[in-house]
Structure formats: C-alpha cells, structure tokens
Amino acid sequence: MTEKNDSRQAEDAPAPEKKEQPGKKAGGTGFVDALWKFFSSVHLAVILLLILAAISIIGTVLAQGDSAKDNIQLYENMIVKIFDTLGVVDANDPASLEAQHERTHLAAERLYRFSVRAGFTDLYHAWYFYALLALFSFNLLVCTIKRWPFTYRMMAKNEVALPEKRLKSMQTRRAITPGGTREEAAAMVEAGMKKAGYSPKRAESEGAVSFFGQKGAWSRLGVYGTHASILIIFIGGIIGVTQGFKGYMQITEGTSESRFFDRRTKTTMILPFEIRCDNFQVDYYGDSRRPKDFYSDLVVVQDGEEKMSKRIEVNSPLVWDDIWFYQSSYGETGRGAKVTLRIAAAAASSSGEGVVKQFDTRPMDFPDLGVSVQVLQVIPDFALDENRRPYAKSNQPNNPAALIEVKGADGDARRAWLFQRYADARTSKDLPATVTFVDYGGIQYTGLQVVYDPGVWVIWVGCTLMVLGLYTAFFTSHRRIWARVAESDGKVTILLAGNANKNREGFAETFQSLGDRMDPKTGEKTAG
Amino acid sequence: MNSSLFFNTALVAYLVASVAYITYLAFRSEKIGVAATFITFFGFIVQTVALGMRWYEKAAIMGFGHIPPLSNMYESMVFWGWSIVLIYLIFERIYKNRALGAIVTPLAFITIAAISIAPNISKEIEPLVPALQSNWLSVHVITSFLGYAAFAISFGVSVLYLILAADKRSESFYIIGMLSLVFTVTLLAAITVDFLVWRLTGVPHPHLFAASFSSPRAAVKAVSWVTSGFFFALVWYGGVQAHDKVAALFPSLKVLDDVSYKTIMVGFPLLTIGIVTGAAWANYAWGTYWSWDPKETWSLITWFIYAAFLHARFTAGWKGKKTAVLSVVGFAAVIFTYIGVNFLLSGLHSYG
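Residues numbered from 1 in each chain as written. Chains lettered and ligands numbered in written order. Predicted model: local features only at pLDDT ≥ 70, side-chain atom pairs only at ≥ 80, totals over all residues. Heavy atoms only, no water.

*Asks:* Account for the overall build of chain B, with residues named and values stated.
*Replies:* A count of helical and extended segments in chain B gives 11 helices and zero strands. Listed N to C, the secondary structure of chain B is α-α-α-α-α-α-α-α-α-α-α in terms of helices and strands. Counting the 352 residues in chain B, one finds 59% classified as buried. Put simply, 77% of the contacts in chain B that link residues at least 6 apart link residues at least 24 apart. Counting every atom, chain B has about 14100 Å² of accessible surface; 72% of that belongs to carbon and sulfur. (Helix = DSSP H or I, 4+ residues; strand = E, 2+ residues; numbered from the N terminus. Buried < 20%, exposed > 50% of the residue type's maximum accessible area, 1.4 Å probe, protein only. Contact = heavy atoms within 4.5 Å. Areas by Shrake-Rupley, 256 points an atom, 1.4 Å probe, with all protein chains shown as cover.)

Below, the structure written as structure tokens:
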C-alpha cells in the first residue's frame, strides 16, 4: 500500500478542464461547444454524485410503495412529533392529541398527496430519478470519451527518442558514465531494461541511441473498466425491468401450482410447467419458536413428467427454465392435518430409516425395512370417553395421537396408537418396525418468490468489472523508462529517466536498482 | 473461560494505548511511543483471539461451518473496532509515524466501549434467522467493516487537517473541523466515563451517558455540560492560537492529506465489494439484488460521496480542506448507514 497516486503531475495528467481544447469542435456552434463542455466536466460528475446522494436520502426517510393509509399515518406521526416539539400539542396527553387530531390528519393527508405528486412515495422509480441517472451516465460517457485520446497516447504513442531536454526535466533521472564504446553501453542498457521487464524499443537519432520501455500500461484502463461497469450495471437493470418478471406463488403441501401473481402487472400469470410441493417443514432452535430453517421439497412437473426435484430453503433456490423459485414465506392453510412419523427397523441388526408424512390415508411402503405404514386416524387432542373410546377433546394440538397400521413382510398387520407427547406410551409394542411420532401440524402452504431476470448475469459481469477496475486503477501503476546513450568528446553517457503514474516510491526503487546495474560505480555491488 | 474476558482485556489495552499515544504526542518520548504501539498490538492480538473464541462458541451452538460472529450490532461493532486497529497498524508501519495513533486508538476504543455498555444491545450469541445463514454474508460484512474502518481513520485525519490547516476562526473549514472534533471528543469522553464507572462499580447503566449527560443526578449533569462547554470554548479560542504548537506534534499537512485519501482508496474498493456481495446475497436469498431498502440506499449514498471524493481529488484537482470536508461528510454517511438506519429507519437490516 505504498502507492502514490497523483495524476496531477505536470506531464502526466490530462489537461485540466478549464483549459478546454478548442481544436475538435472549432467548427461547431457555440451551443454545441457549451453543451460538450458542460457534459465533459468532472465537476458536473462530482455535483451529480452529491445530488444523487441527497435525493436518495428522501426516499429512505419516506416509506416507499406502502399503502396510502400507512404513509398518512407515518406523516401524521411526524407532524405530531414536530407539533410536540413546537409545543402546539402534548404527545403524552390524549386530550390534547384529540383536539388537534383533525388538523394533524388533514396536514398529513395534504403532505401525502403532495409526496405522491412529487413522486416521493416511489422515488427510485420517479421520472426525475431516472433522468438524473441518465444524465449521470451521459456525463460519465462524455468524460470517458474525452479522456480516452490522452490515455491512448500515454499507453501506445510514446516517442522512443525523446529530446535530451525532456529527459532532463523528468523528476526521476540519472546520468551514468559507463566507459567503453557507445555500442557497448547501448547493448548494456537494452539488456538491463529487458531484464527488468521493460522490453525496450530502440531508435537512433542525432547520433544518439534511444530506448523506451514500459510496464503496466494496462493499469490506465482501470478507470475505463470501472466507468464501463457502471453503464453495464445500468443496462443489466434495464434488461431486468423490461424483460423479466417478479412474482409470488403459494403452494399447499401435497398439491401442484402453475399460477403466480406478477407484482409488476398485478395480474395472475401461468408458468409453462407446474411446481409440486411434497412437503414443507420448519425446524426450530431447540425448544424455542425461533425458526432455524424452513424448507420445501419441490418437484417440477412438465407435460406430466417429473423434470427435477429439489429441497429449497432460504439461500438455496430452485432454478428451472431460467426461472428462480425462492423460499420466501409459509403459513397454515387451516385445512386438514399432517403427521410426521419416523420409521426405523425394529431389530437392531437391520438398519434403515424412513419418514412418513401423511395428508391422506394411503399406505406407504418402505421396501428397505420390509414394512408398509398407513395412518388410519389422527386426533389432535386425544382423550378416552366413558366407554374407553378415543375422541378429540378439542381442535387444539394438545395431545396429538395417530392410529397407525404397520404391515410386516409376512403380511401381518398390526395397529397401534402413537402419541407425540408420550413417545413410550404405545398401545402396542410389537410392531414390525419402530415408529416414532415426530410432528403434528396443520397442512401448510409454502410461499415462493418467482423471479425471471435475464439481466442479472449482466449485473454480475458489471460488478466484477467494477471491482477489477477499481483494483487496477488504485493499486497498479503504469511505469515508463527512457534511456539515451550519447557520445560527446569521446565520452559515452547514459541518461536514464522515467516516471510512474502511481506508487512513485516503488518505482524510484526499481529505477535505482536498474541504474545501479549499469553504473560501474555501483555495478560490482549489485552484479552478484 | 470465555471470549468476554479477552474482549475486556483488549478494550482496556486500547484505552491504555490511547493514553500512551497522547502522552507520546505530548512528550515525544520514543520509549512511550514504542510502548503505545506494543500495547495496541497486544490488544489487537488479544481481540483476535477473542473473536476466534466467540466464533468457536457460536459454532458450538449452531453447528460448525457457520459464519463468523458478525451477525448483530454488538458483534459487528466489535469487529469494526478490530478493523480500525488493523488498518491503523498497517499505516503506522508504512508511514513510520506514530502520531496518528493518538487519534485512531481512541476511535477504536470508542466503538467497542460504546457497544459494550450500551443497553438494549444483546451481547449474547443469538441463533440466526435462516436468511442470515449464508457465506455471502461473511464476505459482505467483513469487507464492509474493513471499509468502514478505513473511512474512520480518514475521518480522524481529516478533522485534524481541517483544524491544523485553518488560519483564522471564522473560516468555515475550521468551524466544521472544530465541531467534528468537539463532538467526537465529547462523545469519547462521555463513553469513557460511562465505561470506567461501569467497570469500577460493576453496576450496568440503564442507558448511554448515564454517568454524564443523562445522569439522574442534576449535579453530574451540570458538571458534564459545563465541562463540555468549557472544552468547546477552549478549542474554539485556543485552537488557532495553539495552532503551531499542536501542528508541530503531528505529521505535516501533506502527510495528513495523503493518509486521508489513501485510506479512502483502500476503503472505497472494500465498500464496493461489500455492496456487491450484499447484492449477491440478497439475490440468492430473496431473488432481488437491489430493493432500495434504507440500508442499501444509504450504503449507496456513502458510495456516491466517496466516489465524489475520489473524482474531486484525482480528476478535478481538489486538495486539502475541500476533500477533508468530503471525508467528514462521507464518514457521517457511514455512521448513518451503520447505526442511524437501524434506529431511525426500517428495513431488511433491522437486525443489526
């Protein structure tokens, strides 16, 4: 982190914008000139960034996209707070609040109507917010285009044979008297630069041999990457908004669904396939009611065929046909009940486990365990009447019980009552498998977010480019080295000069050791 | 043994280091300076161990392979303090200058101490809601807070710059710098008093500043206000007069300006990665990479401000006071993104 980033150094920076180059647009009208000047200004960029920041703040204070009632309530609360501070009402005194209620409510309504008209309730989709973003993009584009010729010159149009005066004006320079002939010196310079990774170009003029080599020229592209990435992200966003959809679907456990509610058009849409939810489950932390995880077992059914199945949970969506299904919510349907049973082999010698989730009374086979299990009856609040017959004391799951029938391999069917709360209280201990009553609950629905966004990969390309661009722009540097080998009065001199647009300390060290290798005064020390 | 013992040790180390750095500044004794660095480094190591232990404790509850301890206000604030110290130690090594420690170690102390004594902030290890169980979250939080830490250092240096660079009191830059300084120092002092009273009496505070500005005792309250008023006056009148003497203690204005923008150069890409990974996480968890929720929007506002800073500095040629003000404004946005949004606005990030 020793970079020195100061592109303001005289010979190394684009002309400050006040000194506008008149060349290109000389033939244009004054208006076009002025417009170009306006949009190519970095000051405009800085101001636009700050305006964007300021406008975005409004949207974080006022609730976005909520119902009118909620927003009016929010405004009313704010007004009451202000009135309270001003002493017009006493927020702690209901009578005082009541007296001013009409006034505060009216003011809140007015304020709300104003914010709707001003677009504040959906600020980030308001025309002026888009306009600002468009202006910003345009400014970015023009600034970048304007800067490009300079960058291009810096990267690809470096003169090999710079006049001696120019070299002497550079901050990092060194004169070396190597002894020997001019050609020997030139060969040494070429080899030295090559070794340092500067692969030099050679030119001869005015009796002098000149070399130029550079490293990390691409580092100047970092800023272009970052700027391009912003436009790419905007494009990705536009693709998503215009080509994609975002909706919500609800599937009851054990059923299929292909319809979903599209949020943008506020209509019901139909997918070309069905999603079946075989099971939905919530796991909790210990005995608490804090959900640890919730998941749905989904199956994609297309043309009557099961195409794929996946257990989805938060942070692990299902993707089919470029449409993403996210676990987003769940709830009770209020219809029916389901029992979860865990089936394990009765004999300790054979192993295996299975789970029955029952919505109806079909028997389920477990070939591994050689049994089939059927739920015959479920009672949420088990009790026995005077005739010792089971009945439901209430609809509340106070003592869930299930009557099950387990058929062994021999075809022998045995029945037993199982209790969720009392695992040991089995009415029959000689079932051909160990069956545990794990969970009892109403049939639930799973809420899925349905998203089709063809622009999302464009967004990720943009984001990656942005991070790479920032890294390149801030932490890599373009280093250039010139050398001029000249002979005068029989004495050969090497003039070495160079510069870096960042990390000047680092460059100075490289430059020093490069010079040391050529200089006979220091050469011996560094040669070995 | 649990991690809190180590956290408290680190906290005390940062407090001692703050005092040592300030003493070093006043007496310019190389020995004290080395000691200050050593104590800070010691605190940093101890806190690193504490973070590791807390990670382990958390994993023991929620299963291994889980994310680092960064999922609530307390954990993130502690991590922020850690990041500030880390980035400062790196800069101290590069610049071979200890003077800024007198500004940075108190900042690190304030963040951890404030959250340790703040009421209604749970220090317990809490089970995570499903949405938070993501590896994107780890990267998101770590990069964001390293970025915030870099911005915090830039802020401290910029405030110093504004005060030292001013020639007269009426200068608006001086007023901004001075107000930021008085505000931060008063906050620091009040929290330190809270912290010390809490450690000495062992009685937890009902709320922040219970031992100073909002003490139930009128006398304590009065003394606090009078003291801070006195401090304000002292800085206001003495600031410009003592100017040269104070300036002599610190590195040159050029170095301050340098540190101020270099820390932002480090922080800005980190903030960018933080926002991007946050978007990736949201997309994976909810199917929306950007939903204009207040926290997201505020992080973008912060990004806009620092982007403006970088362009102002590199391309438009702003330097010194003007960029220092932008750095102060940017940090105010950071604080609001991190803390203000949670308390004042609602949204997805309301858990911390």
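*Asks:* Go over helix 9 (residues 456-475) of chain A with me, naming the residues and quoting the values.
*Replies:* The end-to-end C-alpha distance of helix 9 of chain A is 28 Å, a good match for the 28 Å that 20 residues give at a rise of 1.5 Å each. Buried residues of helix 9 of chain A: Val-456, Val-458, Ile-459, Gly-462, Cys-463, Met-466, Gly-469, Leu-470, Thr-472, Ala-473 and Phe-474 of chain A, and no others. Tucked inside the fold, the buried residues of helix 9 of chain A contact helix 8 (222-243) of chain A together with helix 9 (253-286) and helix 10 (294-314) of chain B. (Expected span 1.5 Å × (residues − 1).)

*Asks:* Could you give an account of the pattern of salt bridges, with specific residues and numbers?
*Replies:* The tally for this structure, following the rule as stated, stands at 19 salt bridges over all chains. Note that Arg-259 of chain A and Glu-257 of chain A form a salt bridge whose closest N and O atoms lie 3.1 Å from each other. We classify Arg-259 of chain A as partly exposed; its relative accessible area is 46%. Here Glu-257 of chain A falls in the buried class, since its relative accessible area comes to 15%. A salt bridge links Arg-54 of chain B to Glu-75 of chain B; its shortest N-O distance comes to 2.9 Å. (Salt bridge = Lys/Arg side-chain N within 4 Å of Asp/Glu carboxyl O.)

*Asks:* Residues and numbers for the packing of aromatic side chains, please.
*Replies:* Within the structure shown, the criterion is met by 43 aromatic pairs over all chains. Their ring planes at 80 degrees and their centres at 4.8 Å tell us that Phe-382 of chain A and Phe-419 of chain A sit as a pair that is edge-to-face. Within this pair, whereas Phe-382 of chain A is found in strand 14 (residues 382-384), its partner Phe-419 of chain A is found in strand 17 (residues 413-419), the two being separated by 37 residues in sequence. Each member of the pair, Phe-382 of chain A as well as Phe-419 of chain A, is classed as buried. Consider the rings of Trp-80 of chain B and Phe-331 of chain B, whose centres lie 6.2 Å apart with planes at 40 degrees: the pair is tilted. (Phe/Tyr/Trp six-rings, centres within 6.5 Å; stacked < 30°, edge-to-face > 60°.)

*Asks:* Tell me about the interface of chain B and chain A, and name the residues and values.
*Replies:* Contact residues are listed per partner, giving 53 residues for chain B and 52 residues for chain A. Of the roughly 4600 Å² buried between chain B and chain A on both sides combined, carbon and sulfur atoms contribute 69%. Here chain B is connected to chain A by zero salt bridges. For the interface between chain B and chain A, the tally reads two residue pairs in polar contact (both at pLDDT 80 or more). Mapped by element, the contributors of at least two residues to the side of chain B that touches chain A are helix 3 (73-95), helix 9 and helix 10 of chain B. Per-element tally for the side of chain B that touches chain A: the top contributor is helix 9 of chain B, with 18 residues. Looking at the side of chain B that touches chain A, its residues break down into 39 nonpolar, 10 polar and four charged. (Buried area = accessible area lost by both parts, 1.4 Å probe. Polar contact = N/O pair within 3.5 Å; in protein donor to acceptor, adjacent residues only side chain to side chain. Nonpolar A, V, L, I, M, F, W, Y, C, P; charged D, E, K, R; others polar.)

*Asks:* I'd like a rundown of the packing of helix 5 (residues 135-165) of chain B against helix 6 (residues 172-201) of chain B, residues and numbers included.
*Replies:* Packed helix pairs are specified by the crossing angle of their axes together with the interaxial distance, meaning the distance between the axes. All names here are of chain B. The N-to-C vectors of helix 5 and helix 6 enclose an angle of 130 degrees; their axes lie 8 Å apart at closest approach. Overall, the two elements helix 5 and helix 6 adopt an arrangement that is oblique. In this structure, helix 5 meets helix 6 at a crossing whose hand is left-handed. In this structure, helix 5 uses Phe-155, Val-159, Leu-162 and Ile-163 to contact helix 6, whose residues at the interface are Phe-173, Tyr-174, Ile-176, Gly-177, Met-178, Ser-180, Leu-181 and Thr-184. A class-by-class count of the residues in the contact of helix 5 with helix 6 yields nine nonpolar, three polar and no charged. (Axes fitted to C-alpha atoms, helices over the stretch in contact; angles between N-to-C directions. Parallel < 35°, antiparallel > 145°, perpendicular 65-115°, else oblique. Left-handed = near helix turned anticlockwise from the far one by under 90°.)

*Asks:* An account of the environment of Val-46 of chain A is requested, with residue identities and associated values reported.
*Replies:* Residue and element names in this part refer to chain A. One can find Val-46 in helix 2 (residues 42-61). A residue is classified by how much of its surface remains accessible, and Val-46, at 4% relative accessible area, is buried. Separated by 173 residues in sequence, Val-46 and Ser-219 place their C-alpha atoms 23 Å apart.

*Asks:* Residues and numbers for the sheet that holds strand 17 of chain A, please.
*Replies:* All names here are of chain A. Strand order across the open sheet formed by four strands is 12-13-16-17, with antiparallel pairing between neighbours. Bordering the open sheet on either side are strand 12 (364-366) and strand 17, each of which pairs with just one other strand. The mean inter-strand angle of the sheet, taken between neighbouring strand axes irrespective of direction, is 30 degrees. Summarising the sheet, strand 13 (residues 371-379) and strand 16 (residues 401-407) pair through seven bridges and their orientation is antiparallel. The residue bridging Gln-374 from the neighbouring strand is Glu-405, located in strand 16. (Pairing = 2+ DSSP bridges.)

*Asks:* So, the sheet that holds strand 3 (residues 208-215) of chain A: which residues are in play, and what are the values?
*Replies:* Residues and elements named next belong to chain A. Spatially, 1-20-19-3-2 is the arrangement adopted by the five strands of the open sheet, whose pairing is antiparallel. Strands with a single pairing partner mark the edges of an open sheet, and in this sheet they are strand 1 (172-176) and strand 2 (201-205). Geometrically, the sheet is characterised by an average inter-axis angle of 15 degrees between neighbouring strands, direction not taken into account. Where strand 19 (residues 479-488) meets strand 20 (residues 491-500), 10 bridges bridge the pair, whose relative direction is antiparallel. The residue of strand 20 that forms the bridge with Ala-483 is Leu-496. Packed on one face of the sheet, helix 7 (residues 182-195) meets strand 2, strand 3, strand 19 and strand 20 and runs near 5 degrees to strand 3. Across the sheet, helix 10 (residues 504-518) is in contact with strand 1, strand 19 and strand 20; its angle to strand 20 comes to roughly 165 degrees.

*Asks:* Provide a residue-level description of unusual backbone geometry, including the pertinent values.
*Replies:* Residues and elements named next belong to chain A. Even without a glycine there, the phi angle at Asp-321 is positive, about 60 degrees. With respect to the helices, strands and loops of the structure, Asp-321 is situated in the loop between strand 9 (318-320) and strand 10 (323-345). With relative accessibility at 47%, the residue Asp-321 sits in the partly exposed group.

*Asks:* Would you mind going over a nonpolar patch on the surface in detail, with residue names and values included?
*Replies:* On the surface, Trp-148, Tyr-152, Trp-218 and Leu-221 of chain A cluster together to form a nonpolar patch covering roughly 410 Å² of accessible area. Checked against the element boundaries, Trp-148 of chain A lands in helix 5 (residues 127-156). (Patch = residues over 30% accessible without salt bridge, like charges linked within 9 Å, V, L, I, M, F, W, Y side chains within 5 Å.)

*Asks:* Before we move on, can you summarise the pairing of strand 18 (residues 433-452) of chain A with the specific residues and values?
*Replies:* All names here are of chain A. Where burial is concerned, most of strand 18 is hidden: 14 out of the 20 residues are buried. Sheet topology note: the strand 4 (residues 245-252)/strand 18 ladder contains eight bridges and is antiparallel. Each bridged residue has a counterpart across the sheet, and for Lys-246 the counterpart in strand 18 is Val-451.

*Asks:* Explain the nonpolar core residue by residue, including any values.
*Replies:* Counting 141 residues, the largest nonpolar core has Trp-80, Leu-100 and Trp-303 of chain B as the members making the most contacts within it. Here this core takes 19 residues from helix 5 of chain B, the largest share from any one element. The next biggest cluster of nonpolar side chains, apart from the first, holds 20 residues, and it includes Ile-176, Phe-211, Phe-507 and Phe-511 of chain A. (Core = buried A, V, L, I, M, F, W, Y, C linked by side-chain atoms within 4.5 Å.)

What is shown is where atoms sit, not what they do.
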